[in-house]
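Observations on the three-dimensional arrangement
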Amino acid sequence: MHEMSIAQSLLDIIREEMQKNNARILRSVSLDIGQLSAIVPESLSFCFEVMTSGTELEGAQLIMNMVPLRGVCRDCGREFEIRDYAFECPHCSGPHIDTVSGQGLSIVEMEVD
Amino acid sequence: MKVSVVKNILEANDRIAQENRAIFDEKGLLVFNLMSSPGAGKTSLLEKTIDALKDDLNIGVIEGDIQSSQDAERIAEKGIPAVQINTGGACHLDGNMIRDTFKEFDFDALDLLVVENVGNLVCPAEFKVGEDFKAMILSVTEGEDKPAKYPLMFRESKVLLINKIDLLPYVDCSVDRIREEALRINPEMVIFEVSCKTGGGLEAWYDWLREEVKQSSAARKH
């Protein structure tokens, strides 16, 4: 249950960005959640709701986009989707794979007034 | 009004972890973050490792638990500086908690610092604390399906210690299968099969760790 810490960090960023943009109301916030990140979306959504309830952010919609895991092969340079967490290049069978997307957890957009 | 942000949510923690790392580097200290489920043998592995290496290396330990100071007491009995963090409910350690322990240590007198994380196969993998690498333990009683169920932990860890191999005759668990599954997720993973109970297989781990400390201190002198 580290979603509470994640929700807290998320709210810190939201408040900072709202202040920067002189916004008063948060309509929605969109997140990219990597497939490999250990986040349970339902749990994050629950924590977000609990932590915003009774505050100026209450009622804001949390939009979560799941980002598939993609890698690039250090041997042949090709990019591909990593299926079933198999970090092996489907083209040359190389084992040296760098993750391109699908591991991180980021805020991408906010709708504010 | 739509505002584009694009920010890593864990950025604040990552930044603190980087600052911690800079301090460890400056002090020439190798730091690893030890993770596993509760009861897999983190503290037992540390006790054995300290016994084997304490004549050659100066070791410090940070113990993370939700509650109690039993683990730090077990380590301190070995004459090793050990600081207990009680997270008071949180399921993982973060950069900030680690930074708060710095005043308790004399880093100039240490070669190796081990951070024993809260027992949990999920959350600790997401939070950097400033470590050089992550190491994890999976005990054979937990089953061979764990890599597939907890891929992030296996992907993030440089080292896997498969513990309690003395129990293999009594459990339905294939070490070959664990290896295969772990290497599918992390082909560069270094794997040791050990028993903290009998001491079996631990020599190879000690040698590997000694070499890591040696290489890291050599790299920092250049």
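Preceding this section is the structure that the text describes.
Rules and cut-offs
Residues numbered from 1 in each chain as written. Chains lettered and ligands numbered in written order. Predicted model: local features only at pLDDT ≥ 70, side-chain atom pairs only at ≥ 80, totals over all residues. Heavy atoms only, no water. Buried < 20%, exposed > 50% of the residue type's maximum accessible area, 1.4 Å probe, protein only. Helix = DSSP H or I, 4+ residues; strand = E, 2+ residues; numbered from the N terminus. Contact = heavy atoms within 4.5 Å. Buried area = accessible area lost by both parts, 1.4 Å probe. Salt bridge = Lys/Arg side-chain N within 4 Å of Asp/Glu carboxyl O. Polar contact = N/O pair within 3.5 Å; in protein donor to acceptor, adjacent residues only side chain to side chain. Nonpolar A, V, L, I, M, F, W, Y, C, P; charged D, E, K, R; others polar. Pairing = 2+ DSSP bridges. Axes fitted to C-alpha atoms, helices over the stretch in contact; angles between N-to-C directions. Arc of directions from axis to C-beta. Expected span 1.5 Å × (residues − 1). Right-handed = clockwise from strand over helix to strand, strands pointing away. Phe/Tyr/Trp six-rings, centres within 6.5 Å; stacked < 30°, edge-to-face > 60°. Lys NZ or Arg CZ within 6 Å of the ring centre and 35° of its normal.

1. Overview of unusual backbone geometry
We note that Asn22(A) has phi near 50 degrees; this positive angle belongs to a residue other than glycine. Here Asn22(A) falls in the exposed class, since its relative accessible area comes to 70%.

2. Here we look at the environment of Arg220(B)
Residue and element names in this part refer to chain B. Tracing the backbone shows Arg 220 in helix H8 (residues 202–221). Judged by its relative accessible area of 25%, Arg 220 is partly exposed. Among all residues touching Arg 220, those that are not within four sequence positions of it are Arg 21, Asp 25, Gly 28, Leu 29, Leu 30 and Asp 132.

3. With respect to the interface of chain B and chain A
Of the residues lining the interface, 24 residues belong to chain B; the matching set on chain A comes to 34 residues. The largest contributions to the chain B side of the interface with chain A come from Met1(B), Lys7(B) and Ile9(B), which together make up 26% of the buried area. Joining chain B to chain A, the criterion identifies 3 salt bridges. Between Glu16(A) and Lys7(B) there is a salt bridge, with its nearest N and O atoms 3.4 Å apart. At the junction of chain B and chain A, the tally comes to 13 residue pairs in polar contact (both at pLDDT 80 or more). Listed by contribution, the elements that provide at least two residues to the side of chain B that touches chain A are strand E1 (2–8), helix H6 (151–156) and helix H7 (175–185) of chain B. Tallying contributions element by element places E1(B) first for the side of chain B that touches chain A, with 7 residues. Classifying every residue of the side of chain B that touches chain A by side-chain character gives 14 nonpolar, 3 polar and 7 charged.

4. What to know about the sheet that holds strand E2 (residues 30–35) of chain B
Residue and element names in this part refer to chain B. Strand order in this open sheet of 7 strands is E4-E3-E5-E2-E6-E7-E8, and the pairing throughout is parallel. Only two strands of the sheet have a single neighbouring strand rather than two, namely strand E4 (82–86) and strand E8 (190–193). Taken pair by pair, the neighbouring strands of this sheet meet at an average axis angle of 20 degrees, ignoring direction. Relative to E4, strand E3 (residues 59–65) runs parallel, the two sharing 5 bridges. Paired with Gly 64 across the bridge in E4 is Ile 85. On top of the sheet, helix H2 (residues 42–53) reaches E2, E3, strand E5 (112–116), strand E6 (133–139) and strand E7 (159–163); it is set at about 170 degrees to E3, its chief contact.

5. Examining the side chain of Thr52(A)
In this fold, Thr52(A) is placed in helix H2 (residues 41–52). Residues in contact with Thr52(A), not counting those within four places in the same chain, are Leu11(A), Leu57(A) and Glu58(A).

6. Focus: H7(B)
All names here are of chain B. Within the sequence span of H7, burial applies to Val 175, Ile 178, Glu 181, Ala 182 and Ile 185. All buried residues of H7 lie within an arc of 130 degrees about the axis, which places them on one face of the element. Residues of H7 that are buried sit in contact with E6, helix H5 (146–149), H6, E7 and E8. The opening residue of H7 is Ser 174, an N-cap whose side-chain oxygen sits 3.3 Å from the backbone nitrogen of Asp 176.

7. A few points about H2(A)
For the α-helix, the turn length of 3.6 residues means that residues three or four positions removed from each other point alike. Residue and element names in this part refer to chain A. Here H2 is 12 residues long and its end C-alpha atoms lie 16 Å apart, about the 16 Å a rise of 1.5 Å per residue gives. Three or more residues of H2 are buried, namely Ser 43, Leu 44, Cys 47, Phe 48, Met 51 and Thr 52. Along the axis of H2, the buried positions cluster into a sector of 155 degrees, meaning they face one direction only. What points out from H2, more than 90 degrees from its buried face, is the exposed set Glu 42, Phe 46 and Glu 49. Turning to H2, the residues buried within the fold contact helix H1 (3–20), strand E1 (26–34) and strand E2 (61–67). After H2 finishes, the residue Gly 54 shows a positive phi value of roughly 80 degrees.

8. Re the sheet that holds strand E5 (residues 97–101) of chain A
Residue and element names in this part refer to chain A. Read across the sheet, 3 strands follow the order E4-E3-E5 without closing on themselves; strand pairing throughout is antiparallel. Each edge of the sheet is formed by a strand with only one pairing partner; in this case those strands are strand E4 (79–81) and E5. The sheet shows a mean angle of 35 degrees between the axes of neighbouring strands, taken without regard to direction. Pairing of strand E3 (residues 70–73) with E4 involves 3 bridges; the strand directions are antiparallel. Residue Val 72 lies in a different strand from E4, and its bridge partner there is Glu 79.

9. Observations concerning the pairing of E8(B)
Residue and element names in this part refer to chain B. Inspection of the sheet shows E7 paired to E8 by 4 bridges, in the parallel sense. Bridge pairing links Leu 160 to Ile 191 in E8. You can see the chain leave E7, run along H7 and come back into E8, and the turn it takes is right-handed.

10. What to know about the packing of aromatic side chains
Under the counting rule described, the total for this entry stands at 10 aromatic pairs over all chains. Taking 5.1 Å as the distance between ring centres and 75 degrees as the angle between the ring planes, the aromatic pair formed by Phe102(B) and Phe107(B) counts as edge-to-face. Classification of Phe102(B) by relative accessible area gives buried; the value is 13%. Considering the side-chain rings of Phe133(B) and Trp208(B), the 5.5 Å spacing of their centres and the 80 degrees angle between planes classify their relative orientation as edge-to-face. Here Phe133(B), found in strand E6, pairs with Trp208(B), found in helix H8; they are 75 residues apart in sequence, far enough to count as distant. Ring pairing ties together the aromatic residues Phe32(B), Phe133(B), Phe192(B), Trp205(B) and Trp208(B), which thus form one cluster. The ring of Phe87(A) has Arg155(B) sitting right over it, with the charged end atom 3.6 Å from the ring centre. Its guanidinium or amino end placed over the ring of Phe133(B), Lys158(B) lies 5.3 Å from that ring's centre, counting from NZ or CZ.

Interpretation note: all reported values are geometric properties and have no functional meaning in isolation.
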